[in-house]
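Spelled out from the first residue to the last, the chains are:
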Amino acid sequence: MTRIGVLALQGDVREHLHALTAAGVEAQPVRRAGEIAEVDGLVLPGGESTTIVKLARLFDLIEPLRERIDEGLPVFGSCAGMILLADRVDAGGSPLEATFGGIDMTVRRNAFGRQVDSFEEDLEIDGVAGTPVRAVFIRAPWVQEVGPRATAIGRVSGGEHAGRIVAVRQGDRLATSFHPELTGDGRVHAYFCDMVRLATR
Ligand code: GLN
């Protein structure tokens, strides 16, 4: 069976494990370099990107993760996970030491600002069957700029932030500003699981 890991250093790990299991794959928490080698795909959860990076450094996971992503391990990052997958981060003053990288984009942390720290909306995502999906944003980043290797597949549809890019794909790498693991709507996880199955076939 396809096995997908969730980086389990900090954040909403359990919710992702649950959503992956519901999508019909074997889901397992990943904390060690040896475990990264065992999975067919990896989810980087929502949480606090600075904390995840710090812990990844402490556990000597930064290089192994970068290498595996570089070798083609399919990855999906939600919210903080999106920040970790960005090749470039605009941290708005508070520096982020390093990310894992992998997606040719510039991500701005906490971009939606204080007034709208958290909001929800229905979002169309290219390639995800049955969209719109309900998207929950919590102190979310947005994608400031997408480079030529990546493709914007979802944008905010209305309000003052209309048009902001919030979902990106680059080959077998996927990132969303929002948290599909929190809504019980399994379509984004199903989409990622299909990516992983195709990549490992
Ligand atoms: N604001 C967080 C960060 O910068 C992300 C928030 C989230 O994952 N819900 O890492």
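Residues numbered from 1 in each chain as written. Predicted model: local features only at pLDDT ≥ 70, side-chain atom pairs only at ≥ 80, totals over all residues. Heavy atoms only, no water.

**Some points on the overall build of the protein chain**
- Assigned secondary structure in the protein chain consists of six helices and twelve strands.
- In terms of C-alpha radius of gyration, the protein chain reaches 15 Å, essentially the compact-globule figure of 17 Å for 201 residues.
- Its C-alpha atoms give the protein chain principal-axis dimensions of roughly 45 × 40 × 30 Å.
- Considering the protein chain as a whole, with its 201 residues, one finds that 51% of them fall into the buried category.
- Carbon together with sulfur atoms contributes 47% to the accessible area of the protein chain, which is approximately 8900 Å² in total.
- Looking at charge distribution, the protein chain has the averaged site of its 22 positive side-chain charges lying 2 Å from that of its 28 negative ones. (Helix = DSSP H or I, 4+ residues; strand = E, 2+ residues; numbered from the N terminus. Rg over C-alpha atoms; globule rule 2.2 N^0.38 Å. Buried < 20%, exposed > 50% of the residue type's maximum accessible area, 1.4 Å probe, protein only. Areas by Shrake-Rupley, 256 points an atom, 1.4 Å probe, with all protein chains shown as cover. Lys, Arg positive; Asp, Glu negative; His and termini not counted. Charge placed at Lys NZ, Arg CZ, Asp CG, Glu CD.)

**Remarks on the site of the ligand**
- Taken together, the neighbourhood of the ligand is formed by Gly46, Gly47, Glu48, Ser49, Cys79, Ala80, Ile83, Arg109, Asn110, Ile138, Arg139 and His179.
- Take Arg139: an N or O atom from its main chain is 2.9 Å from a nitrogen atom of the ligand.
- Contact with the protein chains removes 95% of the 300 Å² of surface that the ligand exposes when unbound.
- Looking at the shell around the ligand, its residues break down into four nonpolar, five polar and three charged. (Near = heavy atom within 4 Å. Polar contact = N/O pair within 3.5 Å; in protein donor to acceptor, adjacent residues only side chain to side chain. Nonpolar A, V, L, I, M, F, W, Y, C, P; charged D, E, K, R; others polar.)

**Observations concerning the packing of aromatic side chains**
- Following the criterion strictly, the structure yields six aromatic pairs and no others.
- Here the aromatic rings of Phe76 and Phe192 are separated by 5.7 Å at their centres, their planes lie at 45°, and the arrangement is tilted. Here Phe192 lies in helix α6 (residues 187-200) and Phe76 lies in strand β4 (residues 75-78), a separation of 116 residues in the sequence.
- Seen from their ring centres, Phe112 and Phe119 are 5.2 Å apart, and the 70° between their planes marks the pair as edge-to-face.
- On the accessibility criterion, Phe112 (5% relative accessible area) is buried. (Phe/Tyr/Trp six-rings, centres within 6.5 Å; stacked < 30°, edge-to-face > 60°.)

Keep in mind these numbers describe shape, not what the thing actually does.
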